[in-house]
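Residue-level structural notes
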Amino acid sequence: MSPQPLIRFLKATVGATESGPDLARIRELTWSVEAGDFWVIGGRPRVGKTDLLTTAAGLQRPLEGECRLFGSRLEDLNDAERLANRLRIGLVFENGGRLFNELTIEENVALPVCYHRDCLVEETGTLVERVLELTGLTRLSELRPAEVSHTLHQRIAVARALVLNPEVLLIDNPLFNSDSRQAGWWLEFLPSIAKGHPLIDGRGVTIVVTTTDFRPWLAINRRFGLVHRQRWEDLGDLQNLQQTDHPLGRSLLTGCWNDLDQAD
Amino acid sequence: MESDALLNPSPTQSQSPSGRCWTRPDQWVGRLILGALDSTKRVGAFALITLVVTLTRWNKSTVVLRPLVARQINRAGLLPLPMLTFLGVALGLLVSGQTVALLSRVGAVDYAGVIMVSVIVRELGPLVTVLLVLARVGTGIVIELSTSRALGEVEQLEALGIDPVHYLVMPRVIGVALSVFSLTVYLVLIALISGFLFTFIQDVPLTPSTYLAQMSSSLRWEDFILLGLKTLSFGVVVALITCFQGLANAVRLEDVPRVTTQAIIGSVVACVVIDAFFIVVYLVI
């Protein structure tokens, strides 16, 4: 018997988070995320990749069809069960990760654990320190987000998501606005936590990232998907991706989707 | 001709806030009333949610929530003190200045304390305080919450399993309600003292003990209870309306000025309605 998917969409219609709940962004979505997967989801900007992640994180329900998180439908869960499920998924938003500017970096990272355990930052033990060390933010911990480079913000947000020790990490376009140094950090860091890092108890994390360019993410043991014209396409593994005849899939492999825009 | 028509619309053509034109004033008034009823219903639902969250999560995450409540009390209850002192002194001088001269002329100076209680304790004290808190803190609440909403910070809280009503609304409601109550007591005391100082400067034959006796004879136990209820109601309503407008409506940064204006108008109208209700209560008891 195969293990139960962590996230499963069945003929689901994903709605827009920002423009109102009735606007469909992705239709007929059937997609499963299994434990240990590393998904890379491509698509042009504003096609609904963020909406897909917010729905997969349980922040909104699909307009139609079914979404199961850890085997349970969202509508079948009570508040406590929904919260427990939500804490098993870490969501990191695009373009700065939506940090709280009035808090220091350490307080930002510690906030969810302090809130859920009802404790002070000092009472979290070494957890916050370990996550800050893992993400290379220890020396910046006393600063506020406005005092550090914007390219580091999403890194702080991933530390904040990791402090709850999630099983699944959904990261929206981590390489957006990254310089080559930050991009290198992400491409080294994510595989290390996918395998299981000693600083976070060595447990592997299932990862889903979105991108507008497949090229930095080409590696074996990854699965690729595509959102295009309100449709989801499963492009398979690296070998399948390299043989795809999907026009946008090929454009994202060359990093030239702007040309496709003009052709459209 | 067309630009003239746009700049000077005919009296029969009014425009709704949503930009649609209503051809008749009665349609415009009707839409306005329906809009107000709809807003009242939505704010009421928001108030119920806040009440349920406050009751069910009163003891949850207190380590994180207590500093947030303290920050709101500092912001709404301590920082406005200098301005409120100025307003209290001015209010006492104005009311005393207008009434004492008139009372002296008709030989009714014995009523100075009574008038100060009726005007300042029952009416102007709470109203002036809540308007100051609204202008100084209420606007800030709408702007920061609607900006947070527009920047997606509210969604981020939900993603971290943090209830936005618990984390953002509850501390503001508690902080603003307690602040309006405390500041009103402070303003009333300052205004009553400055009112007496004015009579003293004007050489009106009124000793402090007589002034105190006049006030204590006109104050009833209901005054203290109703003052407490009224000021707490003002604080809760202002905090709820500003939080509601900040969180429930704005999804884009360009909406922030519009929702701020709506929150201020809504809060002023709600405070006047509450004030009118308490006038009726004073008349009945």
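This text follows the structure it describes.
A brief look at the structure comes next.

Residue and element names in this part refer to chain B. In this model helix H2 (residues 25-56) runs 46 Å from its N-terminal to its C-terminal C-alpha over 32 residues, within 8% of the 46 Å that 1.5 Å per residue would give. Among all positions in H2, only Val43, Phe46, Thr50, Val53 and Thr54 are buried. Along its buried surface, H2 packs onto helix H7 (164-201) and helix H9 (221-249).

This brings us to the sheet that holds strand S2 (residues 24-33) of chain A. Residues and elements named next belong to chain A. On the basis of which strands lie adjacent, the open sheet formed by 4 strands has the order S2-S1-S4-S5 and antiparallel pairing. The sheet is open, and its two edges are formed by S2 and strand S5 (72-73), each paired on a single side. Two elements, strand S1 (residues 7-15) and S2, share 6 bridges in a ladder whose sense is antiparallel. Across the sheet, residue Val14 finds its bridge partner in S2, namely Ile26. Helix-sheet contacts for helix H1 (residues 49-56) involve S1, S2 and strand S4 (64-69), and the interaxial angle to S1 is about 130°.

So, about the pairing of strand S7 (residues 168-171) of chain A. Residue and element names in this part refer to chain A. Residues Val168 and Leu170 of S7 are buried on one face, and the alternating residues Leu169 and Ile171, pointing to the opposite face, are buried as well. Taken together, the 4 bridges between strand S6 (residues 89-92) and S7 define a ladder with parallel strand orientation. From the neighbouring strand, Gly90 faces S7, where its bridge partner is Leu169. Of the pairings in the sheet, the one linking S7 to strand S8 (residues 206-211) comprises 4 bridges and is parallel in character. Across the sheet, the residue bridging to Leu169 is Ile207, located in S8. Each parallel crossover has a hand, and for S7 linked through helix H6 (residues 180-195) to S8 it is right-handed.

Contact with chain A, which involves 26 residues of that partner, is made by 23 residues of chain B. Here chain A packs against chain B, burying approximately 2,000 Å² in sum over the two surfaces, 57% of which is carbon and sulfur. Interface area lost by chain A to chain B is led by Arg98(A), Tyr115(A) and Asp118(A), which between them contribute 34%. There are 1 salt bridge connecting chain A and chain B. Put simply, Arg98(A) and Glu155(B) hold a salt bridge, and the shortest N to O gap is 2.6 Å. Across the chain A-chain B interface, the total number found is 9 residue pairs in polar contact (both at pLDDT 80 or more). If you list the elements that add at least two residues to the side of chain A that touches chain B, you get helix H2 (79-87), S6 and helix H3 (105-117) of chain A.

Residues and elements named next belong to chain B. Where H7 meets H9, the axes come as close as 8 Å, and the angle between the chain directions of the two elements is 145°. The two elements H7 and H9 meet at a crossing, and its hand is right-handed. Residues Leu168, Val169, Arg172, Val173, Val176, Ala177, Val180, Phe181 and Thr184 of H7 touch H9, and the partners they reach there are Leu227, Gly228, Thr231, Leu232, Phe234, Gly235, Val236, Ala239, Leu240, Cys243 and Leu247. Partitioned by chemical class, the residues of the contact of H7 with H9 number 15 nonpolar, 4 polar and 1 charged.

Moving on, we get to the nonpolar core. In terms of nonpolar packing, the biggest core is built from 120 residues, with Val109(A), Leu169(A), Leu190(A), Ile193(A), Phe214(A) and Tyr167(B) touching the most fellow members. Considering each element in turn, this core owes the most residues, 15 residues, to H7(B). Those residues within four positions of Ile193(A) in sequence are excluded, and the remaining contacts are Leu134(A), Leu162(A), Leu169(A), Ile200(A), Arg203(A), Gly204(A), Val205(A) and Ile207(A). Ranked by size, the runner-up nonpolar core spans 30 residues in total, among them Leu59(A), Cys67(A), Leu69(A) and Phe93(A).

It is worth spelling out the environment of Val238(B) at this point. Residue and element names in this part refer to chain B. Tracing the backbone through its elements, the reader meets Val238 in helix H9. Separated by 104 residues in the primary sequence, Val238 and Leu134 have C-alpha atoms spaced 6.8 Å apart. Excluding anything up to four places from it in sequence, Val238 contacts Val130, Leu134, Ser267 and Cys271.

Think of it this way: side chains of opposite charge can pair up when their charged atoms draw near. Tallied over the entire structure, the rule returns 19 salt bridges over all chains. Asp163(B) is the partner of Arg57(B) in a salt bridge, and the nearest nitrogen-oxygen pair spans 3.2 Å. You can see Arg57(B) sitting in the loop between H2 and helix H3 (62-78) and its partner Asp163(B) sitting in the loop between helix H6 (153-159) and H7, a full 106 residues away along the chain. Its relative accessible area of 27% is what places Arg57(B) among the partly exposed residues. The closest approach of N and O atoms between Arg75(B) and Glu144(B), which form a salt bridge, is 2.9 Å. Taken as a pair, Arg75(B) in helix H3 and Glu144(B) in helix H5 (residues 112-150) lie far apart in primary sequence, 69 residues in all. Residues joined by salt bridges that share partners form a network here, namely Arg73(A), Glu75(A) and Asp76(A).

Moving on, we come to a nonpolar patch on the surface. All names here are of chain B. A grouping of Ile73, Leu178, Phe181, Val185, Leu189, Ile193, Leu197, Phe200, Ile201 and Leu232 is seen on the molecular surface, where their side chains present a nonpolar patch of about 910 Å² in accessible area. In terms of residue count, the dominant contributor to the nonpolar patch is H7 (8 residues). Looking at the secondary structure, you find Phe200 in helix H7.

Here we come to the environment of Gly97(B). All names here are of chain B. Examined against the element boundaries, Gly97 turns out to sit in helix H4 (residues 81-105). Expressed as a C-alpha distance, the spacing of Gly97 and Gly195, which sit 98 residues apart in the sequence, is 7.8 Å. If we ignore the near neighbours within four places in the chain, the residues touching Gly97 are Gly92 and Phe198.

This paragraph deals with unusual backbone geometry. Residue and element names in this part refer to chain A. In this structure, Arg46 is a non-glycine residue whose phi angle is positive, near 60°. Take Arg46: it is sitting in the loop between strand S3 (38-42) and H1. Residues other than glycine seldom take positive phi values, yet Asp118 does so here, at roughly 55°. Residue position: Asp118 is located in the loop between H3 and helix H4 (127-134).

Under the counting rule described, the total for this entry stands at 3 cavities of 30 Å³ or more. In this structure, the largest cavity occupies an estimated 80 Å³ of space. Around the largest cavity, the lining residues are Asn95(A), Gly96(A), His150(A), Thr151(A), Gln154(A), Pro174(A), Phe176(A), Asn177(A), Ser178(A) and Trp186(A). When grouped by side-chain class, the residues that make up the lining of the largest cavity number 3 nonpolar, 7 polar and no charged. Taken together, Arg86(A), Leu87(A), Ile89(A), Gly90(A), Leu91(A), Ala161(A), Leu164(A), Pro166(A), Ala159(B) and Leu160(B) form the lining of the second largest cavity. The set of elements that each furnish at least two residues to the lining of the second largest cavity consists of H2 and S6 of chain A. With 3 residues, S6(A) is the single largest residue contributor to the lining of the second largest cavity. When grouped by side-chain class, the residues that make up the lining of the second largest cavity number 8 nonpolar, 1 polar and 1 charged.

So, how was this worked out
Residues numbered from 1 in each chain as written. Chains lettered and ligands numbered in written order. Predicted model: local features only at pLDDT ≥ 70, side-chain atom pairs only at ≥ 80, totals over all residues. Heavy atoms only, no water. Helix = DSSP H or I, 4+ residues; strand = E, 2+ residues; numbered from the N terminus. Expected span 1.5 Å × (residues − 1). Buried < 20%, exposed > 50% of the residue type's maximum accessible area, 1.4 Å probe, protein only. Contact = heavy atoms within 4.5 Å. Pairing = 2+ DSSP bridges. Axes fitted to C-alpha atoms, helices over the stretch in contact; angles between N-to-C directions. Right-handed = clockwise from strand over helix to strand, strands pointing away. Buried area = accessible area lost by both parts, 1.4 Å probe. Salt bridge = Lys/Arg side-chain N within 4 Å of Asp/Glu carboxyl O. Polar contact = N/O pair within 3.5 Å; in protein donor to acceptor, adjacent residues only side chain to side chain. Left-handed = near helix turned anticlockwise from the far one by under 90°. Nonpolar A, V, L, I, M, F, W, Y, C, P; charged D, E, K, R; others polar. Core = buried A, V, L, I, M, F, W, Y, C linked by side-chain atoms within 4.5 Å. Patch = residues over 30% accessible without salt bridge, like charges linked within 9 Å, V, L, I, M, F, W, Y side chains within 5 Å. Areas by Shrake-Rupley, 256 points an atom, 1.4 Å probe, with all protein chains shown as cover. 1 Å grid on protein atoms, 1.4 Å probe; cavity = no way out; pocket = protein on both sides within 12 Å on 5 of 7 lines; lining within 4 Å. Points joined across faces, edges and corners; volume = space filled by probe spheres on them.

Honestly, it's all geometry; don't read function into it.
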